[in-house]
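Coordinates in review
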Amino acid sequence: MEEQNQKQQHKNDNRRLYNISIVLSFTVALFAIVSLIAVGFNQVSYANPATSIPDSFTMHQGDVSVASGLGNDSFFVPIYYAGSGTTNQVFCIGKHSQLPGSSYTKSAETLSNEGLFYILNKSAINGGAGIVKRSVVSSQEHYNYLETYATQVAIWLYLNDEEVVGKSAIVNASTYYLDDGTTSGTTIYNGNLYTTYIQTVVNEARNAGSTNVKQLSVTSVDDKISEVTGTDYYQTSAISVSGTPSGDLKSYSVSISGVDGAFVVGEDGKEITDLSNLAPTQKFYVRFLKSKVTEEKKMLNISVKGKFKNYISGVKYTCANKQDLVYVVSGDVDVSGGKSIEVVGSPDTGMSTAQTIYFIGLIVLLCGVGIVYANAKPIKNN
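Let us look at the structure shown here.

Reading the values: the criteria
Numbering of residues starts from 1 in each chain and follows the order in which that chain's sequence is written. Where local features are concerned, this predicted model is filtered to residues with pLDDT of at least 70; where side-chain atom pairs are given and counted, the filter is 80 or more; whole-chain, interface and lining totals use all residues. Here the side-chain values reflect all heavy atoms present in the structure, with hydrogen atoms and water set aside. Each helix is a run of DSSP H or I of at least 4 residues and each strand a run of E of at least 2, with the numbering of both proceeding from the N terminus. Note on definitions: a residue-residue contact is assigned when non-hydrogen atoms from the two residues lie within 4.5 Å. A 1.4 Å probe and the Shrake-Rupley method give the accessible areas. Residues count as covered only by the protein chains that appear here. A simple rule labels every residue: compare its accessible area, found with a 1.4 Å probe on the protein chains alone, to the largest value its type can have, and call it buried under 20%, exposed over 50%, or partly exposed in between. Counted as a polar contact is a pair of N or O atoms within 3.5 Å, where, for protein atoms, one must be capable of donating a hydrogen and the other of accepting one, and residues adjacent in sequence contribute only when both atoms are in side chains. Two strands pair under a simple rule: DSSP has to find at least two bridges between them. Axis geometry follows a simple rule: fit a line to the C-alpha atoms, using only the stretch in contact for helices, then measure angles between N-to-C directions, giving values from 0 to 180 degrees. Throughout this description, any angle smaller than 35 degrees is read as roughly parallel, any larger than 145 degrees as roughly antiparallel, any in the 65 to 115 degree range as roughly perpendicular, and the remainder as oblique. Handedness of each helix crossing follows the sense of rotation of the near helix against the far helix: counterclockwise by less than a right angle gives left-handed, clockwise gives right-handed. Here the nonpolar group is Ala, Val, Leu, Ile, Met, Phe, Trp, Tyr, Cys and Pro; Asp, Glu, Lys and Arg are the charged ones; every other residue, Gly included, is treated as polar. Joining through side-chain atoms within 4.5 Å is the link that ties buried Ala, Val, Leu, Ile, Met, Phe, Trp, Tyr and Cys residues into a set, and such a set is a nonpolar core. Salt bridges, as used here, are contacts in which a Lys or Arg side-chain nitrogen is within 4 Å of a carboxyl oxygen on Asp or Glu.

**So, the overall build of the protein**
- Broken down by element type, the protein carries six helices and 15 strands.
- The contacts in the protein between residues at least 6 apart in sequence include a share of 70% that link residues at least 24 apart.
- As displayed, the protein has an accessible area near 21,900 Å², and 52% of this comes from carbon and sulfur atoms.

See the structure below:
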């Protein structure tokens, strides 16, 4: 009975060890998945630029509207400003059919629409490259009016305003003029802005999730690690950071995790101690002790945050039962990215000095036990 109980206890112990092994394996796998999600996908995230904006403003309309089409088949785009003067131009983000109000208050809702921001960044009204080419008209004033029309219509089309989508006076227009309330307006452009310019920027805005206004790339020739000659260190290949648009990346910062004691060196091999304000042209390597590389697979995580200038976003303003407006703000913005490199060493087939001593000691111990046993056995038999 006692022998049977011992066998059962042995089975229970083995089952318990097996269950613990499963739990540990699952935990390690889950940790690896979380690590990949956190660092390995080179995600891009935006921080709102710190720009001083008003809590409220009184909106006023410009003296003229920009119109497309002729006669009864015309489409009018008023020009709106926040506060007095013509410095802070605002755009409608509600339905075209809704009338604008007068007193506007900053909404508690945070705008995070990349497509809308793409159009605002593209617009020359906000300092962008321009939706419409500057060369289409000789007058800067007339160009500003055309760009205002293109920006506002692109926003409505992007937001799928049913009153604007497919409207003949937008899609088929061949004449654009200024309407100042008189019987005849001033023609500022002959052509079709929709098919030539507006439709293109709307399609680009719809793909803004994959073609962000500001992009950060962290690249290297390969993801291999190599020995630093004459040292006890390994290091990565040269790592470069670039931004799109390239001229807008002001600086970047770096942080390293995943391998104990890893640090950053420049192309001259010297450690970079201040990783908070690196120049866009600065390449770097990540270096770590050879002793930190074992048969256990580790992920060297390189996190980069780039500081971009000239980022345009917007704040939503509302007026009860009236057209919502977007107030344009600009400033620096942080865009995050990074990469992960697998670090794993080859099995060590050699023996260290300590291992050799332990091995010799074990042999001596076993020999001693054998000698004692050999001498003790005859005595026992007598």
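**Side note on the side chain of Thr 175**
- In this structure, Thr 175 sits in strand E5 (residues 175-179).
- Residue class for Thr 175 comes out buried when judged on its relative accessible area of 12%.
- Among residues more than four places away in sequence, those in contact with Thr 175 are Ala 67, Ser 68, Gly 69, Leu 70, Thr 187, Tyr 189, Asn 190 and Gly 191.

**Looking at helix H2 (residues 114-122)**
- Most of H2 sits out of view: eight of its nine residues are buried.
- Here H2 has its buried residues at Glu 114, Gly 115, Leu 116, Phe 117, Tyr 118, Ile 119, Leu 120 and Asn 121.
- The inward-facing, buried residues of H2 contact strand E3 (89-92), helix H3 (140-158), helix H5 (193-206), strand E14 (298-318) and strand E15 (325-343).
- One side-chain oxygen of the residue at the start of H2 lies 3.0 Å from the amide nitrogen of Gly 115, identifying that residue as Asn 113.

**So, the pairing of strand E13 (residues 285-289)**
- Burial runs high along E13: four of the five residues are buried.
- Of the strand pairs in this sheet, strand E9 (residues 233-236) and E13 are connected by three bridges, and their pairing is antiparallel. Following the sheet pairing, Tyr 233 is matched in E13 by Leu 289.
- The pairing of strand E12 (residues 263-265) with E13 spans three bridges and is antiparallel. Paired with Val 264 across the strands is Val 286, a residue of E13.

**Quick word on the sheet that holds strand E8 (residues 225-227)**
- If you trace the four strands from one edge of the open sheet to the other, you get E8-E9-E13-E12, paired in antiparallel fashion. Whereas interior strands pair on both sides, the edge strands pair on one side only; in this sheet they are E8 and E12. Each adjacent strand pair in this sheet contributes to an overall mean axis angle of 35°, direction not counted.

**Things to note about the packing of H2 against H5**
- Their axes nearest at 8 Å, the elements H2 and H5 cross at an angle of 140°. Classified by the angle their axes make, H2 and H5 are oblique. The handedness of the crossing between H2 and H5 comes out as right-handed. Taking contact as the criterion, the partners of Gly 115, Tyr 118, Ile 119 and Lys 122 in H2 are, on H5, Val 201, Glu 204 and Ala 205.
- Per-class residue counts for the contact of H2 with H5 are four nonpolar, one polar and two charged.

**As for the nonpolar core**
- Tyr 149 and Phe 284 are the most contacted members of the largest nonpolar core, which totals 85 residues.
- By residue number, the principal contributor to this core is H3, which donates eleven residues.
- Contacts of Phe 284, omitting those with residues within four sequence positions, involve Ser 237, Ala 238, Ile 239, Val 241, Tyr 252, Val 254, Val 264, Val 265, Ile 272 and Ile 302.

**What to know about the pattern of salt bridges**
- Counted according to the given criterion, the structure contains ten salt bridges.
- Between Lys 250 and Asp 332 there is a salt bridge, with its nearest N and O atoms 2.9 Å apart. Taken as a pair, Lys 250 in strand E11 (residues 249-257) and Asp 332 in strand E15 lie far apart in primary sequence, 82 residues in all.
- For Lys 307, the salt bridge is made with Asp 334, and the minimal N-O distance between the two is 3.1 Å. With Lys 307 in strand E14 and Asp 334 in strand E15, this pair connects stretches of sequence that are 27 residues apart.
- A residue is classified by how much of its surface remains accessible, and Lys 307, at 31% relative accessible area, is partly exposed.

**With respect to unusual backbone geometry**
- Here the amide bond leading from Thr 244 into Pro 245 is cis, since omega sits at -5°, within 30 degrees of zero.
- Backbone geometry at Asn 160 places phi at a positive 60°, although glycine is not the residue there.
- Along the chain, Asn 160 turns up in the loop between H3 and helix H4 (168-171).
- Asn 160 sits in the partly exposed class, given a relative accessible area of 45%.
- Positive phi, normally seen in glycine, also occurs at Asn 321, with a value near 60°.
- Note that Asn 321 resides in the loop between E14 and E15.
- On the basis of relative accessibility, which here comes to 78%, the residue Asn 321 falls in the exposed class.

Keep in mind that these numbers describe shape and distance, not what the molecule does.
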